[in-house]
Amino acid sequence: METWRSSLQKCGYSVTLSCDCDDESVLKQCDIIFIWHLERVHESFPWWKRATSKNIPVVLVPTCWHAGKRFWGYSFFKQAELLIRSFFCKPSVLFYSWSHCRRIMLTKSALLIVNSNAERNLLIQEGAKPASLAVIPNVVTQASVAVGSLKWEERTRVACIGHFCPRKNQLALINALKGSSVRITFVGGARPMHKHYMNQCINAAAGQHEFLGKLSHEETLQVIRTCKYAVSASLAETPGSGNCRLRFDSACA
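Quick look at the structure, then. If you're wondering where the values come from, they're calculated on a predicted model, not measured in any experiment.

**Considering the packing of aromatic side chains**
Counted by the stated rule, this structure contains five aromatic pairs. Ring centres of F45 and W48 lie 5.9 Å apart, and the angle between their planes is 10°; on these two criteria the pair is classed as stacked. Note that F45 and W48 are positioned in helix α3 (residues 41-53) at a spacing of three residues, about one turn of the helix. You'll find F45 and W48 in the same group, each marked buried. Ring geometry for F164 versus F211: centroids 6.0 Å apart, planes at 35°, classification tilted. Highlighted residues: F164 in the loop between β5 (157-161) and α8 (170-176) and F211 in strand β7 (residues 210-213), separated in sequence by 47 residues. Looking at F164, the relative accessible area reads 1%, which means it is buried.

**Points about the side chain of S44**
Here S44 is to be found in helix α3. A residue is classified by how much of its surface remains accessible, and S44, at 1% relative accessible area, is buried. Residues contacting S44, with those up to four places away along its chain left out, are I35, W36, H37 and M105.

**A few points about the nonpolar core**
Membership of the largest hydrophobic core comes to 25 residues, with the highest contact counts inside it found for I33, I35, F45, W48, M105 and L123. When contributions to this core are tallied by element, the ones reaching two or more residues are α2 (24-28), β1 (33-36), α3, β2 (58-61), α5 (98-108) and β3 (111-114). Here I35 is in contact with M1, S44, W47, W48, V58, V59, L60 and V61, once residues within four sequence places are set aside. Judged by nonpolar contacts, the second largest core, of 16 residues, contains L171, L173, F186 and A205.

**Description of the pairing of β3**
Bridge analysis of β2 against β3 gives two bridges, and the strand direction is parallel. Bridge assignment links L60 to a residue of β3, and that residue is L112. Of the pairings in the sheet, the one linking β3 to strand β4 (residues 133-135) comprises three bridges and is parallel in character. If you follow V114 over to β4, its bridge partner there is V135. In terms of handedness, the path from β3 via helix α6 (residues 117-125) over to β4 forms a crossover that is right-handed.

**Some words on the environment of R50**
Following the sequence through the fold, R50 ends up in helix α3. Residue R50 is classed as partly exposed on the basis of its relative accessible area of 24%.

**Structural notes on the sheet that holds β4**
The four strands are arranged β1-β2-β3-β4 in an open sheet whose pairing can be described as parallel. With partners counted over all chains shown, the strands left at the sheet margins are β1 and β4, one partner each. When strand polarity is set aside, the average angle formed by the axes of neighbouring strands in this sheet is 25°. Bridge analysis of β1 against β2 gives four bridges, and the strand direction is parallel. When the bridges of β2 are listed, I33 appears paired with V58.

**Describing the pairing of β1**
Residues I33 and I35 point to one face of β1 and are all buried, whereas F34 and W36, pointing to the other face, are not buried. Once the chain exits β1 it traverses α3 before rejoining the sheet at β2, and the crossover so formed is right-handed.

**A few points about a nonpolar patch on the surface**
Taken together, M1, L17 and W36 make up a surface patch of nonpolar side chains, about 250 Å² in accessible area. Structurally, M1 can be placed in the segment before α1 (2-10). We classify M1 as partly exposed; its relative accessible area is 37%.

**What to know about the pattern of salt bridges**
As enumerated under the stated definition, the model contains three salt bridges in all. With a closest N to O distance of 2.5 Å, R102 and E126 form a salt bridge. Placement of the pair is R102 in helix α5 and E126 in the loop between α6 and β4, with a sequence separation of 24 residues.

**Points about the sheet that holds β7**
Whenever strands of a sheet pair, they do so through backbone hydrogen bonds, lying parallel or antiparallel. Reading across from one edge, β7-β6-β5-β8 is the order of the four strands in this open sheet, with parallel pairing throughout. With one partner strand each, in any of the chains shown, β7 and β8 (227-230) form the two edges of the open sheet. Averaged over neighbouring strand pairs, the angle between their axes works out to 30° when direction is ignored. Of the strand pairs in this sheet, strand β6 (residues 184-187) and β7 are connected by three bridges, and their pairing is parallel. Across the sheet, the residue bridging to F186 is F211, located in β7.

Thresholds applied
- Residues numbered from 1 in each chain as written.
- Predicted model: local features only at pLDDT ≥ 70, side-chain atom pairs only at ≥ 80, totals over all residues.
- Heavy atoms only, no water.
- Phe/Tyr/Trp six-rings, centres within 6.5 Å; stacked < 30°, edge-to-face > 60°.
- Helix = DSSP H or I, 4+ residues; strand = E, 2+ residues; numbered from the N terminus.
- Buried < 20%, exposed > 50% of the residue type's maximum accessible area, 1.4 Å probe, protein only.
- Contact = heavy atoms within 4.5 Å.
- Core = buried A, V, L, I, M, F, W, Y, C linked by side-chain atoms within 4.5 Å.
- Pairing = 2+ DSSP bridges.
- Right-handed = clockwise from strand over helix to strand, strands pointing away.
- Axes fitted to C-alpha atoms, helices over the stretch in contact; angles between N-to-C directions.
- Patch = residues over 30% accessible without salt bridge, like charges linked within 9 Å, V, L, I, M, F, W, Y side chains within 5 Å.
- Areas by Shrake-Rupley, 256 points an atom, 1.4 Å probe, with all protein chains shown as cover.
- Salt bridge = Lys/Arg side-chain N within 4 Å of Asp/Glu carboxyl O.

Now the structure itself:
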């Protein structure tokens, strides 16, 4: 969200970050409410509900993980999660099902910003209106990497880029490479609830791998320019992320 705020401010917009959807002072000063996540409805739907009740247009970044819905009972699991989190944090969504909240946000938001055409097509299949979808590719382009890149034979790094969390599965990658000569350069920090997971990864690596922490966009590009390969061990990603990985590889080739 901080990255979105920075980008919008550079375009001349005034942006307020808030976690309290019941704060009337925030809602009163907004022309648009910008919400993150179609799957974590316990976080996003209360904001959506409050905004639409006041006729404030909602822009939603879905970040949908379709891979996760392939296993049996996923919908039941998400419903249980919604009930538990809502009971303690957001009582306003206690009487809604996870699938209802998701469907309403998908079909009635003013704008959905998606990462790829693959994600766009999947959401259309689920009922989203084509006119309400805007694609902003989440890719590393050849042009942004080409300047200052090392020659192929000079590159030694294998990079794994992304914040640390169980879904991104870095710990499994580290354990799989134990005893090998492969050294991974990990780029990314951890959100507060995943600090312990990141420390687990660092301890499990036992010095075999390189951890650079959270870097700026330009610093990350500088790392990519020294890499021969990129690796992802994620259990689930936004549709189209596989294309992004391939684009990364082609940019480094």
